[in-house]
Amino acid sequence: MNIAILETGRINAKIADRFDRYPDMFRTLFAAIGNADFVFTDIHVLEGMFPHSVDGYDGYLVTGSAAGVYDEFDWIGPLKAFIRDIHAARKPLVGICFGHQVIAEALGGTCIKWPNGFGVGTCDVMLANTPGWMPDRDSVRLIHFHKDQVTALPEGATHLGSTGYCANAMYYIDDHIFSIQGHPEFSADYTAALLRLRAAEIGDDRVTGALADLAQEHEGTTIARWIEAFFASHMKSTSAASTPE
């Protein structure tokens, strides 16, 4: 499968020499589960670049970003429009953090800057309504780093997961959208560096607690397997629908 990574954010310049770019974090994540089926193409959305057609790729993944869906960057409006095109074409689409938020906004949901500040660290996502391409389990542990939250899901979305801090931490729409507030691609080292860099903004107590949380094992590779299964399930159903009887 040729998956377009819609790059909506860059590593903070103060630590960019120490860590991979976001698309490369995803490459590392999927390599860790032995996936050889995905071919990734980076699309620099934050520079105003978009595919010529939604049919140019088998699927899409929208990365995290320091931007908010309410910001007035020139690329956010076109990104929302392209997401609506992906949805209309029922192409498989995964959203991570900002991606999770902008998909919701593009399709009629709501995302706001959360008044209680940042949700950071490793925490359990409590699961319900699991789709057929996911195992039926109660929770998954995942790194989170966000201030904005989806407060209303888009029409047709099924609520999938929540944390103690974020009610809408995962959702899906039919078999073609899978959206996640947390960061399966983040390592503990990268998260710790980002926490320390933004400590004044986040708050010292919250940073201290989040750094302690990072000692817990997180299940980013588990999420990677679910994303892999999501894409594979969609491709299987599409192939079956297009095969003549």
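In what follows, the structure referred to is the one given above.
### Things to note about the packing of aromatic side chains
Point 1. This structure, assessed with the given rule, holds 19 aromatic pairs.
Point 2. Judged by centre distance (6.3 Å) and plane angle (75°), the rings of Trp 133 and Tyr 172 are edge-to-face. A residue pair is termed long-range when its members are at least 10 positions apart, and Trp 133 in the loop between strand 6 (119-127) and strand 7 (139-146) and Tyr 172 in strand 10 (residues 170-173) qualify at 39 residues. Neither Trp 133 nor Tyr 172 differs from the other in exposure class; each is buried.
Point 3. Ring plane angle 65° and centroid distance 4.7 Å describe the contact between Trp 133 and Phe 178, whose orientation is recorded as edge-to-face. Of the two residues, Trp 133 is situated in the loop between strand 6 and strand 7 and Phe 178 in strand 11 (residues 177-180); the sequence distance between them amounts to 45 residues.
Point 4. You can call Trp 133 buried: its relative accessible area is 11%.

### Remarks on the sheet that holds strand 7
Point 1. Ordered in space as 2-1-3-4-11-10-9-6-7, the nine strands form an open sheet in which the pairing is mixed. Strands with a single pairing partner mark the edges of an open sheet, and in this sheet they are strand 2 (39-43) and strand 7. Geometrically, the sheet is characterised by an average inter-axis angle of 25° between neighbouring strands, direction not taken into account.
Point 2. Together, strand 6 and strand 7 form the strand contacts of helix 4 (residues 188-197), whose direction differs from that of strand 7 by roughly 35°.

### A few points about the environment of Val 125
Point 1. Inspection of the secondary structure assignment puts Val 125 in strand 6.
Point 2. When the C-alpha positions of Val 125 and Asp 17 are compared, they lie 31 Å apart, and in sequence the two are 108 residues distant.
Point 3. Those residues in contact with Val 125 that sit more than four places away from it in its chain are Asp 138, Ser 139, Val 140, Leu 142, His 144, Gly 161, Ser 162, Thr 163, Ala 169 and Met 170.

### Details of the state of the cysteines
By definition, a disulfide is the covalent link that joins the sulfur atoms of two cysteine residues.
Point 1. Per the counting criterion, the structure on display carries zero disulfides.
Point 2. No disulfide involves Cys 97; its nearest neighbouring cysteine sulfur is the one of Cys 111, lying 9.0 Å away.
Point 3. Given the relative accessible area of 5%, Cys 97 is considered buried.
Point 4. Here Cys 123 stays unpaired: no disulfide links it, and the sulfur of Cys 166, its closest cysteine neighbor, is 8.7 Å away.
Point 5. By relative accessible area, Cys 123 is classed as partly exposed at 26%.

### Regarding the nonpolar core
Point 1. Counting residues in hydrophobic clusters, the biggest one holds 31 residues, and the most contacted among them are Met 170, Phe 178 and Ile 227.
Point 2. Every element with two or more residues in this core is listed here: strand 1 (2-6), helix 1 (22-32), strand 4 (93-96), strand 6, strand 7, strand 10, strand 11 and helix 7 (220-242).
Point 3. The leading source of residues in this core is helix 7, at six residues.
Point 4. Residues contacting Met 170, with those up to four places away along its chain left out, are His 100, Val 125, Leu 127, Val 140, Leu 142, His 159, Leu 160, Gly 161, Phe 178, Ser 179, Ile 180 and Ile 223.
Point 5. One finds Ala 4, Val 54, Tyr 60 and Phe 98 within the second-largest nonpolar core, a separate group that totals 28 residues.

### Describing the packing of helix 4 against helix 6 (residues 204-213)
Point 1. The geometry of helix 4 relative to helix 6 is characterised by a closest axis approach of 10 Å and an angle of 170° between their N-to-C directions. The angle between helix 4 and helix 6 falls in the class roughly antiparallel. Residues Ala 192, Leu 195 and Arg 196 of helix 4 pack against Val 207, Ala 210 and Leu 211 of helix 6.
Point 2. A class-by-class count of the residues in the contact of helix 4 with helix 6 yields five nonpolar, no polar and one charged.

### Quick look at helix 4
Point 1. When we look at burial in helix 4, the residues that qualify are Tyr 190, Thr 191, Ala 192, Ala 193, Leu 194 and Leu 195.
Point 2. Considering only its buried residues, helix 4 is in contact with helix 1, strand 6, strand 7, helix 5 (199-202) and helix 6.

What counts, and where the lines are drawn
- Residues numbered from 1 in each chain as written.
- Predicted model: local features only at pLDDT ≥ 70, side-chain atom pairs only at ≥ 80, totals over all residues.
- Heavy atoms only, no water.
- Phe/Tyr/Trp six-rings, centres within 6.5 Å; stacked < 30°, edge-to-face > 60°.
- Helix = DSSP H or I, 4+ residues; strand = E, 2+ residues; numbered from the N terminus.
- Buried < 20%, exposed > 50% of the residue type's maximum accessible area, 1.4 Å probe, protein only.
- Pairing = 2+ DSSP bridges.
- Axes fitted to C-alpha atoms, helices over the stretch in contact; angles between N-to-C directions.
- Contact = heavy atoms within 4.5 Å.
- Disulfide = S-S within 2.5 Å.
- Core = buried A, V, L, I, M, F, W, Y, C linked by side-chain atoms within 4.5 Å.
- Parallel < 35°, antiparallel > 145°, perpendicular 65-115°, else oblique.
- Nonpolar A, V, L, I, M, F, W, Y, C, P; charged D, E, K, R; others polar.

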